[in-house]
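Read off the chains here:
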Number of protein chains: 2
Amino acid sequence: MLNNYSKPVQIALKKAKADVGDKIKIIGGSEESEGLLMPRIELGDSDSIVIKLNSGYNIGVKYSKNLKIKKLESASETKPHFEKSKFDPKKPNVTIISTGGTIASKVEYKTGGVKAIENPEELLFNVPELREIANIKFVSACKKMSEDMEYADWQTIAKTVAKEMKLGNAVVITHGTDTMHYTAAALSFMLKTTKPVVLVGSQRSPDRGSSDAGINLICAVRAALSEIGEVGIVMHGSTDDDYCTFNRGTRCRKMHSTRRDTFRTLGENPIAKIYPNGRIEALTQYRMKKDTKTEADTKFEPKVALVKVYPNSDPDVLNYYVKKGCKGIVIEGTGMGHVPTHAKKAWTPVIKKLTKKIPIVIVSQTLFGRVNSNVYENLRILFHDSGAINGEDMLPETALVKLGYVLGHTKKIAEIKKLMSENIVGEISERSTISD
Amino acid sequence: MLNNYSKPVQIALKKAKADVGDKIKIIGGSEESEGLLMPRIELGDSDSIVIKLNSGYNIGVKYSKNLKIKKLESASETKPHFEKSKFDPKKPNVTIISTGGTIASKVEYKTGGVKAIENPEELLFNVPELREIANIKFVSACKKMSEDMEYADWQTIAKTVAKEMKLGNAVVITHGTDTMHYTAAALSFMLKTTKPVVLVGSQRSPDRGSSDAGINLICAVRAALSEIGEVGIVMHGSTDDDYCTFNRGTRCRKMHSTRRDTFRTLGENPIAKIYPNGRIEALTQYRMKKDTKTEADTKFEPKVALVKVYPNSDPDVLNYYVKKGCKGIVIEGTGMGHVPTHAKKAWTPVIKKLTKKIPIVIVSQTLFGRVNSNVYENLRILFHDSGAINGEDMLPETALVKLGYVLGHTKKIAEIKKLMSENIVGEISERSTISD
């Protein structure tokens, strides 16, 4: 773990029996520094010893032969004990609702693995700048990596948001990135609000030198205190640490497994650039914040399925889902929303049969662009003859969540059809011309 | 259909009882022009009457009161009768293998619908420039919109390519765009070749003013005659009509339902920009063309399935597929390849049970970036404990086609695992660092 330090630093640390994660004291002349020894991850000056102070800030102490290094506690005994921040009546109040994920994780330096932090307040230890912006309150809604999130978690989060807003607090939700866009879509539909509701995560755990957690969290708090009255995801907008983007909750997607600027708004601009210093640069129109009451309407039908068509795909999977009790299906068609129509395994006859029982919504696996129910003969068979619902330019993940939400509120097919094809909270953009 | 013409033009055409699609003669002073009356689609000078000459070229005749317009044949009687091109021994030979799709369609001006052309040679009528570049031979492999393509069509196309290459011809395949990337991946694996194999389509039918078919076809023929010894898709590289891109067949995807620059290479650069005049600008490394024999190895197992995980998704669908006789499954996981692991509906136990019978390959629904089998505990459970195969940075569609190809050639799980995780024809890029 001392690998990236220069040879002389490694020798000095080994002599003091100090390893990464240990609490150490460094004495150099009249100066003393005390904190956790950090790994040397960043490139650059490998001759400086990096320690994390009790305040949460990291400092580098330039190595010289005269430094005295003393190990105070070994990593196993060390607990982060950071200074409690004092309530400042002049600052706004922000509740950070913690749900788990990488942003609420840390690297175990001994094993190299990533594990959950025990206490969400540890975030302040890694991002001490937050205290300068607002009085931060932590609430834990759950503790899950986001691939394990379920609709019941969305309901809990929505209710917690409504509760904290009732107290007058602005709200940020920390969340694993993998399914954050599904949660963002769910909260967009469930929360009747005109205030900012900001989801944020990180692609690297907050204690790593290259972590995006710090800037993401700072920008998320800035966004939560802004005039943008929408539900959205605030994460890195570029691969640099310069700004974040506010992505509308129903229009974005995790688009890269590892890059820090993984969340992208598709088919329109992100709502705004958010800079760590609080500057906000609008990139498109958004709903202005109003001081109305926030309510959580969390009724949801979880028995909805997302199915993708592809060459040789078998439409019998639709029958399977309906037999299992599925109440609605979203199909990712190809191009303008096509499904195999004249292929040996034709989907349209099965769809025609099933739309008498359940709603079937068509979106496009291209991700960009709109479904069209008219241009080609096969589209007319699908929409006009077989009764499929045109999902317009909804993202597949958003359409799935919306269908669960709509089915949680009505069983009337005409109403479902209407709601699925019209815009409720920004999930369907205005019709664009075919030529774009 | 005369809508976009100026009022005086409309009046003159109506007086001559001429409608779009009719064969007309326009006499103005000493000049005479004869051809099909075209609709006025493009913006601009709506005072010129557009007719398509027998050569295939369109011309605009400026309207004046002195023009005489005579209707020769009505649209229903009119058949395109274009000049046959003469064989030129100095020009290279290119076979265009036609399979159907929008590029092999035309707008029926009377109904506004899009229907298939009867004869692939009609393409030359719409893109007469092709004759200047090469001697063009047409072969029809099938006549389908691409959403109806099946693996048997891939096999037919692969064999037709091998046959035409044996004759010494360069090869272009015209194809519907919806599933062109699935076909491109299939041909990449099936064709043992070191020559260019170029797929091309269009987002607008070739007889429309805004069609991309012309430039796409010209660039496709240029690419087929180039030194790029790979299977790929050549389509518009931007929304302008300036150049096309050559996209590696295993690394690209249709990314927009309507835009002309819909095909995008993901995770790396396209191979090259191809300009209509024949200029080629390499954007990354590619396999240089060599004059070796092309063979089609088309063995394929069509019983493979593509399944996407999402919050609340039920892993029982995997059991369903295996019961139906499915021989292998590709799962689109979230982020670095996660599946619900500690959720109520946990996927890992089902995967662990099924990987004793069939291969299960994990790719990421982010589309960009790589699967990782180590960083998080849930990933270690999936890959090390449950036996899933790491699909690296393969695109989901490519992984599905590859699994069908691999299963067509071996039933040995160790061999399948090895083949699915290693690069065969550019489908897996070299490992990048986690920090990109």
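Before reading on, note that the structure itself is shown above.
What counts and what doesn't
Residues numbered from 1 in each chain as written. Chains lettered and ligands numbered in written order. Predicted model: local features only at pLDDT ≥ 70, side-chain atom pairs only at ≥ 80, totals over all residues. Heavy atoms only, no water. Pairing = 2+ DSSP bridges. Helix = DSSP H or I, 4+ residues; strand = E, 2+ residues; numbered from the N terminus. Axes fitted to C-alpha atoms, helices over the stretch in contact; angles between N-to-C directions. Contact = heavy atoms within 4.5 Å. Parallel < 35°, antiparallel > 145°, perpendicular 65-115°, else oblique. Left-handed = near helix turned anticlockwise from the far one by under 90°. Nonpolar A, V, L, I, M, F, W, Y, C, P; charged D, E, K, R; others polar. Core = buried A, V, L, I, M, F, W, Y, C linked by side-chain atoms within 4.5 Å. Buried < 20%, exposed > 50% of the residue type's maximum accessible area, 1.4 Å probe, protein only.

**Q** Pulling in residues and values, what's your account of the sheet that holds strand β18 (residues 280-282) of chain A?
**A** All names here are of chain A. Read across the open sheet, the eight strands follow the order β9-β6-β10-β12-β13-β14-β17-β18; overall the sheet is mixed. Among the strands making up the open sheet, the edge pair consists of β9 (135-140) and β18. When strand polarity is set aside, the average angle formed by the axes of neighbouring strands in this sheet is 25 degrees. The pairing of strand β17 (residues 272-274) with β18 spans three bridges and is antiparallel. By the bridge assignment, Ala272 is partnered in β18 with Ala282. Sheet strands in contact with helix α4 (residues 151-166) are β6 (93-98), β9, β10 (170-174) and β12 (197-200), and its direction is about 155 degrees off that of β10. Where helix α6 (residues 213-224) meets the sheet, it contacts β6, β10, β12, β13 (231-236), β14 (244-248) and β17, and its direction lies at approximately 150 degrees from that of β13.

**Q** Can you break down the packing of helix α7 (residues 316-323) of chain A against helix α7 (residues 316-323) of chain B residue by residue, with the values?
**A** Interhelical geometry of α7(A) versus α7(B) gives an angle of 130 degrees and a closest axis separation of 11 Å. When the axis of α7(A) is compared with that of α7(B), the two are oblique. Here the hand of the crossing between α7(A) and α7(B) comes out right-handed. When α7(A) is examined against α7(B), the residues A:Asp316, A:Val317, A:Tyr320 and A:Tyr321 are found in contact with a partner set consisting of B:Asp316, B:Val317, B:Tyr320 and B:Tyr321. Partitioned by chemical class, the residues of the contact of α7(A) with α7(B) number six nonpolar, no polar and two charged.

**Q** How would you sum up the nonpolar core? Please name residues and give values.
**A** One finds A:Tyr321, A:Ile329, A:Ile331, B:Tyr321, B:Ile329 and B:Ile331 to be the most contacted residues of the largest nonpolar core, which totals 140 residues. Setting aside chain neighbours within four positions, we find A:Tyr321 in contact with A:Ala305, A:Val307, A:Cys326, A:Ile329, B:Tyr310 and B:Val317. Membership of the second largest hydrophobic core comes to 33 residues, among which are A:Ala170, A:Leu217, A:Val221 and A:Ile228.

**Q** So, the packing of helix α10 (residues 396-407) of chain A against helix α11 (residues 413-421) of chain A: which residues are in play, and what are the values?
**A** Residues and elements named next belong to chain A. Across the interface, α10 lies against α11 with an axial gap of 10 Å and an inter-helix angle of 145 degrees. When you trace α10 past α11, the crossing you get is right-handed. On the side of α10, the interface is formed by Ala399, Lys402, Leu403, Val406 and Leu407, while α11 contributes Ile416, Leu419 and Met420. Each residue belonging to the contact of α10 with α11 can be placed in one class, and the counts come to seven nonpolar, no polar and one charged.

None of this, on its own, says anything about what the molecule does.
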